[in-house]
Amino acid sequence: MLKKGLMLLSGLCSLVLTSCAGAQHNISEYILEMGYKEDMRILQITDTHLGDKDDLEKHFKFMDITIKESNPDLIVVTGDLFTFASRTTAKRFFKFLDSYGVKWTVTYGNHDEQCYFSVDWMTGLLNNYGSNCIFKDIQDDDVQGNANFAINLKKDGKVFEQLIVMDSNRYYYGDYFGYDCFKQNQIDWYSNLVDYTKEQNGGVTVPSLLFYHIPLPEINDAYDKAKAGENGAHFVYEGQKNEKACPPDYDFHFFDKIVEKGSTTGMYFGHDHVNDFIANYKGIDFAYGIKATDRIYYKEDMMGGRTIVLKNDHSVSYENHYHTYEEVK
Ligand SMILES: [Fe+2]
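Okay, so let's go over this structure. Please read these numbers as outputs of a predicted model, since none were measured by experiment.

Across a sheet, paired strands are connected by hydrogen bonds in the backbone, their directions being either parallel or antiparallel. With mixed pairing, eight strands are arranged side by side in an open sheet as β1-β5-β6-β9-β11-β13-β12-β10. Edge positions in the sheet fall to β1 (31-35) and β10 (234-237), since each of these pairs with one other strand and no more. Strand after strand, the sheet turns through a mean of 25° between neighbouring axes, direction not considered. The pairing of strand β12 (residues 278-281) with strand β13 (residues 284-288) spans four bridges and is antiparallel. If you follow A279 over to β13, its bridge partner there is F286. Contacting β1, β5 (149-155), β6 (158-165), β9 (208-211) and β11 (264-269), helix α5 (residues 184-200) runs over the sheet at an angle of about 175° to β6. Across the sheet, helix α7 (residues 254-261) touches β9, β11, β12 and β13, and the angle it forms with β13 is around 135°.

This part takes up the coordination of the iron ion. Reference values for angles at a metal are 109.5 degrees in the four-donor tetrahedral case and 90 or 180 degrees in the six-donor octahedral case. Only D47 (OD), H49 (NE2), D80 (OD) and H273 (NE2) from the protein reach the iron ion as donors, at distances of 2.0 to 2.2 Å. Note that the iron ion binds four donor atoms; their angles at the metal cover 89 to 172°, and the shape is irregular. In primary sequence terms, the donor set of the iron ion follows D-x1-H-x30-D-x192-H. Separated by 226 residues along the polypeptide, D47 in the loop between β2 (40-45) and α2 (56-70) and H273 in the loop between β11 and β12 bring together distant segments of the chain. The pair formed by D47 and H273 is uniform in burial state, with each residue classed as buried.

Taking 1.5 Å of rise per residue, 17 residues should cover 24 Å, and α5 covers 24 Å from first to last C-alpha, within 8% of that figure. Turning to α5, its buried residues are Q186, I187, W189, Y190, S191, L193, V194 and T197. Those residues of α5 that are buried are in contact with β1, β5, β6, β9, α7 and β11. Following α5 by one or two positions, G202 has its phi on the positive side, about 65°.

Orientation of helix α3 (residues 87-98) relative to helix α4 (residues 119-127), taken along the N-to-C sense of each, is 35°, at an axis distance of 12 Å. In the packing of α3 onto α4, the handedness of the crossing is right-handed. The segment α3 lies against α4, with R87, A90, K91 and F94 engaging W121, M122, L125 and L126. Each residue belonging to the contact of α3 with α4 can be placed in one class, and the counts come to six nonpolar, no polar and two charged.

Strand order in the open sheet formed by five strands is β4-β3-β2-β14-β15, and the pairing between neighbours is mixed. Each edge of the open sheet is held by one strand with a lone partner, namely β4 (103-107) and β15 (316-322). Ignoring which end each strand starts from, the neighbouring axes of this sheet average 20° apart. In the sheet, β2 pairs with strand β14 (residues 304-310) via five bridges, with the strands oriented antiparallel. By the bridge assignment for β14, R41 is matched with V309. Running at roughly 145° to β4, α3 makes contact with β2, β3 (74-78) and β4 of the sheet.

Let us now look at the environment of G101. You can see G101 is positioned in the loop between α3 and β4. For the pair G101 and L74, spaced 27 residues apart in sequence, the C-alpha to C-alpha distance is 9.8 Å.

Another aspect to go through is the nonpolar core. The nonpolar side chains of a soluble globular protein tend to be buried with one another. F82, F93 and F94 are the most contacted members of the largest nonpolar core, which totals 53 residues. Examining the composition of this core, we find that five residues originate from one element, α3, more than from any other. Setting aside residues no more than four positions away along its own chain, F93 makes contact with T48, L50, F60, M63, L81 and F82. One finds F182, W189, L193 and Y288 within the second-largest nonpolar core, a separate group that totals 35 residues.

Burial within β13 is extensive, with five of its five residues counted as buried. Every second residue of β13 is oriented toward a common face, with I284, F286 and Y288 on one face and D285 and A287 on the other, all of them buried. Two strands pair when backbone bridges link them, and β11 and β13 are joined in this way by four bridges, in the parallel orientation. Bridged to Y268 within β13 is A287. If you look at the hairpin formed by β12 and β13, you'll find two residues sitting between the two strands, and K282 has a positive phi there, around 55°.

Attention now moves to the pairing of β15. For β14 and β15, the ladder comprises seven bridges, and the chain directions are antiparallel. Bridging from a neighbouring strand, V309 pairs with S317 of β15.

Tallying each qualifying case throughout the model produces 36 aromatic pairs. Aromatic pair F82 and F93: ring centres 5.7 Å apart, planes at 90°, arrangement edge-to-face. Here F82 is found in the loop between β3 and α3, whereas its partner F93 is found in helix α3, with 11 residues between them in sequence. As far as the burial class goes, F82 and F93 line up, both buried. Relative to F94, the ring of F82 has its centre 5.7 Å away and its plane inclined at 80°; by these criteria the two rings are edge-to-face. Taken together, the residues span a long stretch of sequence, with F82 in the loop between β3 and α3 and F94 in helix α3 at a distance of 12 residues.

The rules behind each value
Residues numbered from 1 in each chain as written. Predicted model: local features only at pLDDT ≥ 70, side-chain atom pairs only at ≥ 80, totals over all residues. Heavy atoms only, no water. Pairing = 2+ DSSP bridges. Helix = DSSP H or I, 4+ residues; strand = E, 2+ residues; numbered from the N terminus. Axes fitted to C-alpha atoms, helices over the stretch in contact; angles between N-to-C directions. Contact = heavy atoms within 4.5 Å. Donors = N, O, S within 2.8 Å, 3.2 Å for Na, K, Ca; no water. Tetrahedral: all angles 85-135°; square planar, octahedral: opposite > 155°, others 65-115°. Buried < 20%, exposed > 50% of the residue type's maximum accessible area, 1.4 Å probe, protein only. Expected span 1.5 Å × (residues − 1). Left-handed = near helix turned anticlockwise from the far one by under 90°. Nonpolar A, V, L, I, M, F, W, Y, C, P; charged D, E, K, R; others polar. Core = buried A, V, L, I, M, F, W, Y, C linked by side-chain atoms within 4.5 Å. Phe/Tyr/Trp six-rings, centres within 6.5 Å; stacked < 30°, edge-to-face > 60°.

The following block contains the structure:
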């Protein structure tokens, strides 16, 4: 009886989570802008998992070491910002991020719905945050997720590079329970965005970097082929792999579309806390982030963040920041 009830509930959840009857918006409405700076420094931090029971000041002091070392032009948090957090905790973290006087943005992870507020509430807050926050999600649209937008990096009046932020969603409650994936309407959105930006750029594809939370299923091929040195795959940073990659068990072949469009050269995600390798596969960097706190599960020598240095020729280099809580005792 209980099982039946749960199955019915999970079926209903699935219907709610996978339906997307919102309005269609012009792709231009999803695009924000900021200036490109030579050797632009983009700091990725991830999986902070802050909650009400945490000593926030201790975690802020710990992250402060990484942020100061990075000296970023932009901070991107790639999901799982919170777990069992209230609105007050969320606001305190955003105030902390905002205090550096540099632009910052976020996307969400699967755990961000396990809080005392809704992801929609957080999106509304960030949409109207102002100050140094650069975030925009259209909440009544037909694109799944709560954080799908692009930041055009402008140089000499043109779009130099595009940073694409997407929501890899949370959980799948269909015929099995597991992590969710990018939906077809998000893949179509990505495709339209790349096409639109190319058209605006005189028919030349604009290179892009993509930020999200849950790795794509091809993460396993990327790692295995880089390890074997097959098909041109290689490690940009071998780092550590201490756990099985946990991508969703189903998807709509987003990676094939990414390869087909020829814009994205690097993908930056989190989710698996004790993996931090970067494997280049089919010409695209699959890059795990470096976890930013010791919340939930972690490895002592794998906490801090990573600076992505975006150069004038569109290449990137990486600076890993590793720190321990011993430094904030
Ligand atoms: Fe996480």
